[in-house]
Amino acid sequence: MSTQVPRLFAGLVDDAAVFPPGSAPLPDAVVAHRRHRSAWYADLVGPLLLPASAVTAGELSLVDPAEGYVIGLIGDTGIDGLPVALSFLAPDGVTVRQLEVPVAKRGEDPSPGVAALLQLIDKTRAVESCYAEVPLTFGLMSALDALAEARAAGAPVAAKFRTGGLAAELFPTPIELAAVICACRDRELPFKLTAGLHHAVRHRDPETGFTHHGFVNVLAAALAAAGGAEVDAVAGLLAATDPVRVVERARAERDAARPLWIGYGSCSIEEPLTDLIRLGLVNGGYDE
């Protein structure tokens, strides 16, 4: 007998198969996404993430409109290129659930990018949710203030942060990530994460030497922050490498809605699913 994914993990993992390091060809990604959406673990899986550049290049013709695909559009063309990409999507029977776009490079003031994105949202109103990817550097808090103010006024906006990449500085420390989680909590601003969350528990990659955040660590941290925990306590959960501490926190609340953290994109659906099964948080498709 099939089983549903616990509510805490619903829609946790967006399908980023076409992005590095997986870099699957779009036809393969579409076939795999179709399989995920019909599998017993379908409730775990969010939309298929596609770069705006692929949409404007006409690659979406590979998707059958009759299937009613739901996608997340990643603004690799920059904010200025998004209206064109959205216009390509309009007649194709595809629902754009979310739009995700960087608003600044590291070290740049994100305020102009946030303002431009908010103007775009106000003009198009074509997506359910829009995530502004804000670097964890200069101008972060003022950008979060602007997003929170717009959200309070009814704009479908939230934040997005990078938690990994090809350089060590792209991996925030536990205290840095805890601070931004608590900042979002204080502003009632949901957030997404991207990059580096390959496994459930914090670990060191033996090939690169980079220490990666664990997605169950982040989940435990978000639960703690939503419950009023301060930065040090949240950072302690993010830094934990013993799975028991973070898994038990998640297990205790797995029937509740996930607070604060919308989810993250992964080029593999199987990797997080396998970790959840191994840790006993999902039972592998069969009732016990």
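*Asks:* What exactly am I supposed to notice about the environment of Leu276 here?
*Replies:* Looking at the secondary structure, you find Leu276 in helix α10 (residues 270-278). In sequence terms Leu276 and Pro25 are 251 residues apart; their C-alpha atoms lie 27 Å from each other. The residues contacting Leu276, other than those within four sequence positions of it, are Phe9, Leu44, Phe215, Val216, Leu281 and Val282.

*Asks:* Help me out: how do you make sense of the packing of aromatic side chains in this one?
*Replies:* Each aromatic ring pair is characterised by the separation of its centres together with the angle its planes make. Scanning the model with the defined rule gives five aromatic pairs in all. With 5.1 Å between their ring centres and 40° between their planes, Phe171 and Phe210 make a pair best called tilted. Residue Phe171 is located in the loop between β6 (157-162) and α6 (174-186), and its partner Phe210 is located in the loop between β8 (203-204) and β9 (211-212); the two are separated by 39 residues in the primary sequence. Pair check on accessibility: Phe171 and Phe210 agree, each one buried. Counting every residue linked through ring pairs, the aromatic cluster contains Phe215, Trp261 and Tyr264. It is Lys192 that lies over the ring of Tyr131; its NZ or CZ is 5.7 Å from the centre.

*Asks:* What's the story with helix α1 (residues 26-38) in this structure? I'm lost.
*Replies:* Side chains three or four residues apart in an α-helix point the same way, a direct result of the helix having 3.6 residues per turn. Here α1 spans 18 Å end to end across 13 residues, near enough to the 18 Å set by a 1.5 Å rise per residue. For α1, the full list of buried residues reads Leu26, Ala29, Val30, Ala32, His33 and His36.

*Asks:* What is the right way to read the pattern of salt bridges from this model?
*Replies:* Note on pairing: side chains with opposite charge can pair once their charged atoms come close. By the definition in use, this model includes eleven salt bridges. A salt bridge links Glu100 to Lys192; the nearest nitrogen and oxygen atoms lie 2.6 Å apart. A residue pair is termed long-range when its members are at least 10 positions apart, and Glu100 in strand β4 (residues 95-102) and Lys192 in strand β7 (residues 191-194) qualify at 92 residues. Judged by relative accessible area, Lys192 falls into the buried class, the value being 1%. Where Arg251 meets Glu248, a salt bridge forms, and the shortest distance between an N and an O atom there is 3.3 Å. One end of the pair, Arg251, and the other, Glu248, are both in helix α9 (residues 243-252), three residues apart, so they sit about a helical turn from each other. Overall, the relative accessible area of 31% leaves Arg251 in the partly exposed class.

Reading the values: rules and limits
- Throughout, a residue's number is its position along its own chain's written sequence, starting from 1.
- Where local features are concerned, this predicted model is filtered to residues with pLDDT of at least 70; where side-chain atom pairs are given and counted, the filter is 80 or more; whole-chain, interface and lining totals use all residues.
- Side-chain measures were taken over the full set of non-hydrogen atoms in the model, leaving aside hydrogen atoms and water.
- Secondary structure elements are taken from DSSP: a helix is a run of H or I of four residues or more, a strand is a run of E of two residues or more, and numbering for both begins at the N terminus.
- When checking whether two residues touch, look at their non-hydrogen atoms; a contact exists if any pair is within 4.5 Å.
- Paired rings are identified among Phe, Tyr and Trp, the last through its six-membered ring, by centres lying within 6.5 Å, and are further divided according to the angle between planes into stacked (under 30 degrees), edge-to-face (over 60) and tilted (the rest).
- Summary of the burial criterion: residues with accessible area below 20% of their type's maximum are buried, those above 50% are exposed, and those between are partly exposed, where the area comes from a 1.4 Å probe applied to protein chains only.
- Consider the ring centre and the ring normal. A charge sits over the ring if Lys NZ or Arg CZ is within 6 Å of that centre and within 35 degrees of that normal.
- Helix span, as expected, comes to 1.5 Å for every residue beyond the first.
- Put simply, a salt bridge is a Lys or Arg side-chain nitrogen that is within 4 Å of an Asp or Glu carboxyl oxygen.

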